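Summary of structural features
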Amino acid sequence: MPSLVSANFKGIQDVIVFDGECVLCSGFFHFMLARDKARRFKFATAQSPLGQRLYSELGLPTRDFETNLVIVNGKVHQRLDAFAAAMKGLPGGWPVLSLCRFLPGWIKNPLYHSIARNRYKIFGRKRTCMIPDAALRARFLSEGF
């Protein structure tokens, strides 16, 4: 699915929305947090009121999150394109991984979906969503962002 620009997302910039119960997705969050030294990205869990609103407005399921969302300059990226948009926003050599966005859909979509469908079986699932400590709370967006 191509990224989209929506008037609903114009005020949201440089945000990663991830499944807070998924070990793989939470690992991606921690990966980004450790490498985003400029603190460019803000975060929200898919289970939060803001995450629920964003998934709903995009017509995505609000219980089974098979994609992280990466929003850059009001443009929403999903699936492997979300990963590419996030990598492009990091310093150093990480942006080279953003080239995966140029893979043809017939390769990247089945690959992404097979991992997304099996992520809990492969990586596990947390019983509860992560609750950020005071130091991380500033990096998370709330409903009113």
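The preceding data block contains the structure.
Here goes a summary of the coordinates provided.

Criteria and thresholds
Residues take numbers from 1 onward in each chain, read along the sequence in its written order. In keeping with the model being predicted, local features are shown solely for residues with a pLDDT of at least 70 and side-chain atom pairs are shown and tallied solely at 80 or more, while totals for entire chains, interfaces and linings include all residues. Side-chain measures were taken over the full set of non-hydrogen atoms in the model, leaving aside hydrogen atoms and water. Only runs of H or I of at least four residues qualify as helices and only runs of E of at least two qualify as strands under DSSP, and these elements are numbered from the N terminus. The cut-offs for exposure are 20% and 50% of the maximum accessible area for each residue type, with area from a 1.4 Å probe on protein chains only; residues under the lower value are buried, those over the upper are exposed, and the others partly exposed. Note on contacts: a residue pair qualifies if any of its non-hydrogen atoms lie within 4.5 Å across the two residues. Counted as salt bridges are all cases of a side-chain nitrogen of Lys or Arg within 4 Å of a carboxyl oxygen of Asp or Glu.

1. A short note on the environment of F18
Mapped onto the fold, F18 is located in strand β2 (residues 15–18). According to the relative accessible area criterion, F18 is buried, its value standing at 0%. In sequence terms F18 and G51 are 33 residues apart; their C-alpha atoms lie 8.2 Å from each other. Excluding residues that lie within four positions of it along the chain, F18 makes contacts with C25, S26, F29, F43, A44, T45, A46, Q47, N68 and F140.

2. Some thoughts on the pattern of salt bridges
Under the defined criterion, the tally for this structure stands at six salt bridges. The partner of D36 in a salt bridge is R139, with the nearest N and O atoms 2.8 Å apart. In this pair, D36 is assigned in the loop between α1 (23–35) and β3 (42–45) and R139 in the segment after α5 (134–137), connecting sequence segments 103 residues apart. Classification of D36 as buried rests on a relative accessible area of 3%. Among the residues examined, R139 registers a relative accessible area of 3% and is labelled buried. The partner of R53 in a salt bridge is E57, with the nearest N and O atoms 3.1 Å apart. One end of the pair, R53, and the other, E57, are both in helix α2 (residues 49–57), four residues apart, so they sit about a helical turn from each other. Where salt bridges share partners, they join D19, D64 and R119 into one cluster.

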